[in-house]
Amino acid sequence: MKKRIFSGAQPTGNLHIGNYLGALKNWVALQKDYESFFCIVNLHAITVPQNPEVLRRKTLELARIYLASGIDPTHSVIFVQSDVPEHAELAWVLCCIARMGELERMTQFKDKSKGKGENVGTGIFVYPLLMASDILLYKTHLVPVGQDQKQHLELTRDLAERFNRDYGETFVIPEPYIPPVGSKIQSLQNPTKKMSKSDEDANGAIFLLDDADSIRKKIKKAVTDSGMEVKFDESRPAINNLLTIYRLVTNLPPEECEARFAGKGYGYFKTELAEAIIEFLKPFQQRAKSFKDEEIVEILKSGAEKAREIASQTLKEVYDKMGINR
Ligand code: TYM
């Protein structure tokens, strides 16, 4: 039996090159070696207010992006979280297993609740439990994610261990898969902050569906550090980030990337980087156009059926162990 992968992304904002390089790219690379589940996590999206029409449209668009990235629906399961109600049900069970202190320690919660005081949404607080539910329902072995999800994965492991200890062996303890390069692509406007879908400054991110001109403009406006050399250097986070993107989109070894720009200034490097990103995204953007909405709806329907078969078995097992009939 193949081991299982589970991962997901929120259908909010626009997916950017950080989401691709940190997560989707690895889903595609790993999918054939595993039994793979890729989820569009629309229930996570509603932890902050969403426009219903936009959420509906973005949910389908994200499925399109998964397919365009190379997720193969004949092999991997692509589905929408709300189509499998067991996700919300197991999340409730996990609410009863987790402790306030554990959730209060989550750095993403701390960031998102800053300045909101008692007004912070409870959905944001329990968000990691829905994520743990996603993962544990499929008895997942490996979870390919970016660096920002590492702490949520650690919590998931703790909850699975606690449940197994208290109720008997049920869940697989999942391992994170965080790529050695690309797990934290930074904002083009502020290289100390991660590139983000919800960033108010759209110049901070290259979106996967951006056209060539926007990409050129955004790279041109990207902040740089003092100094002239185009080299990998952690102490110069702006150029380090841009060069990391160049490395990942060209697939060149790091020495070769540096050699190409030796003695050349930032202007030359930025032009080359913009063209490399445009070339990299071209086949993806063409594929994105090639799927019809009806075809995507069918893929999601059959994905939800396959996912539900497994999710309902796991939930039944959990309820049985807790003394709840289903
Ligand atoms: P989300 O939608 O914020 O992001 C999707 C994936 O992209 C990664 N990522 C990045 N990687 C590199 N550089 C960046 N700047 C960057 N920004 C985001 C994220 O780490 C993620 O892998 N809670 C999750 C979705 C989720 C999930 C799950 C993931 C829900 N349930 C179960 C795995 C397993 C989230 O909000 O991802």
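On a predicted model such as this, the values are computed, not experimentally measured, just so you know.

A tally of regular secondary structure across the protein chain gives 13 helices and five strands. The C-alpha atoms of the protein chain give 21 Å as radius of gyration, which agrees with the globular expectation for 326 residues (20 Å, within 12%). C-alpha extents for the protein chain along the principal axes are approximately 70 × 45 × 40 Å. Looking at the protein chain alone, contacts between residues at least 24 apart form 76% of all its contacts between residues at least 6 apart. Accessible surface, the protein chain: about 15,600 Å² in total, of which carbon and sulfur atoms supply 51%. With 45 positive and 44 negative side-chain charges, the protein chain shows a spacing of 2 Å between the two charge centroids.

Let us now look at the site of the ligand. The local shell around the ligand holds 28 residues, among which Tyr-127, Asp-134, Asp-148, Ile-185 and Lys-197 are the closest. Asp-134 is positioned such that a nitrogen or oxygen atom in its side chain is 2.6 Å from a nitrogen atom of the ligand. Taking Lys-197, its side chain carries an N or O atom lying 2.6 Å from an oxygen atom of the ligand. Within the complex, the protein chains bury 97% of what would otherwise be the 710 Å² of accessible surface of the ligand. Grouping the constituent residues of the shell around the ligand by class yields 11 nonpolar, 12 polar and five charged.

Let us look at the domain arrangement of the protein chain. On domain assignment, one finds that the protein chain holds domain 1 (4–178 + 292–322) and domain 2 (202–288). In this structure, domain 1 and domain 2 have C-alpha centres spaced 30 Å apart. Contact with domain 1, which involves 14 residues of that partner, is made by 13 residues of domain 2. When the buried surface of domain 1 facing domain 2 is broken down by residue, Ile-17, Leu-21 and Ala-68 rank first, second and third, together holding 43% of it. At the junction of domain 1 and domain 2, the tally comes to zero salt bridges. Those elements that place two or more of their residues in the side of domain 1 that touches domain 2 are α1 (17–30) and α3 (52–69). If one sorts the elements of the side of domain 1 that touches domain 2 by residue count, α3 sits on top with six residues.

Contact geometry for α3 and helix α12 (residues 266–290): axes closest at 8 Å, N-to-C directions at 125 degrees. For the element pair α3 / α12, the angle class is oblique. Two packed elements cross with a definite hand, and for α3 against α12 that hand is right-handed. The residues of α12 that touch α3, namely those facing Arg-64, Ile-65, Leu-67, Ala-68 and Ser-69, are Phe-284, Arg-287, Ala-288 and Lys-289. The residue makeup of the contact of α3 with α12, split by class, is five nonpolar, one polar and three charged.

This part is about helix α13 (residues 293–322). Taking 1.5 Å as the rise per residue, α13 with 30 residues should run 44 Å; its terminal C-alpha atoms sit 42 Å apart, in good agreement. For α13, the principal kink sits at Arg-308 and spans about 25 degrees. Every buried residue of α13 is listed here: Ile-296, Ile-299, Leu-300, Gly-303, Ala-304, Ala-307, Ile-310, Ala-311, Thr-314, Leu-315, Val-318 and Tyr-319. Positive backbone phi, approximately 85 degrees, marks Gly-323, located one or two places after α13.

Another aspect to go through is the packing of α3 against α13. Two quantities define a packed helix pair, namely the angle between the helix axes and the distance between the axes. Packing of α3 against α13 brings their axes to within 10 Å, and their N-to-C directions diverge by 85 degrees. Compared by their axis directions, α3 and α13 come out roughly perpendicular. Judged by residue contacts, Leu-60, Ala-63, Arg-64 and Leu-67 of α3 engage Asp-293, Ile-296, Val-297, Ile-299 and Leu-300 from α13. Split by residue class, the contact of α3 with α13 holds seven nonpolar, no polar and two charged.

Its location among the elements puts Leu-153 in helix α8 (residues 150–167). Given a relative accessible area of 0%, Leu-153 falls into the buried group. Note: C-alpha distance between Leu-153 and Val-143 (10 residues apart in sequence) is 8.1 Å. Setting aside its immediate chain neighbours within four residues, Leu-153 contacts Met-131, Ile-135, Val-143, Val-145, Pro-174, Glu-175 and Pro-176.

Reading the values: the criteria
Residues numbered from 1 in each chain as written. Predicted model: local features only at pLDDT ≥ 70, side-chain atom pairs only at ≥ 80, totals over all residues. Heavy atoms only, no water. Helix = DSSP H or I, 4+ residues; strand = E, 2+ residues; numbered from the N terminus. Rg over C-alpha atoms; globule rule 2.2 N^0.38 Å. Contact = heavy atoms within 4.5 Å. Areas by Shrake-Rupley, 256 points an atom, 1.4 Å probe, with all protein chains shown as cover. Lys, Arg positive; Asp, Glu negative; His and termini not counted. Charge placed at Lys NZ, Arg CZ, Asp CG, Glu CD. Near = heavy atom within 4 Å. Polar contact = N/O pair within 3.5 Å; in protein donor to acceptor, adjacent residues only side chain to side chain. Nonpolar A, V, L, I, M, F, W, Y, C, P; charged D, E, K, R; others polar. Domains from an automatic or database assignment. Buried area = accessible area lost by both parts, 1.4 Å probe. Salt bridge = Lys/Arg side-chain N within 4 Å of Asp/Glu carboxyl O. Axes fitted to C-alpha atoms, helices over the stretch in contact; angles between N-to-C directions. Parallel < 35°, antiparallel > 145°, perpendicular 65-115°, else oblique. Left-handed = near helix turned anticlockwise from the far one by under 90°. Expected span 1.5 Å × (residues − 1). Bend = angle between axes of the 7 residues up to and from the residue. Buried < 20%, exposed > 50% of the residue type's maximum accessible area, 1.4 Å probe, protein only.

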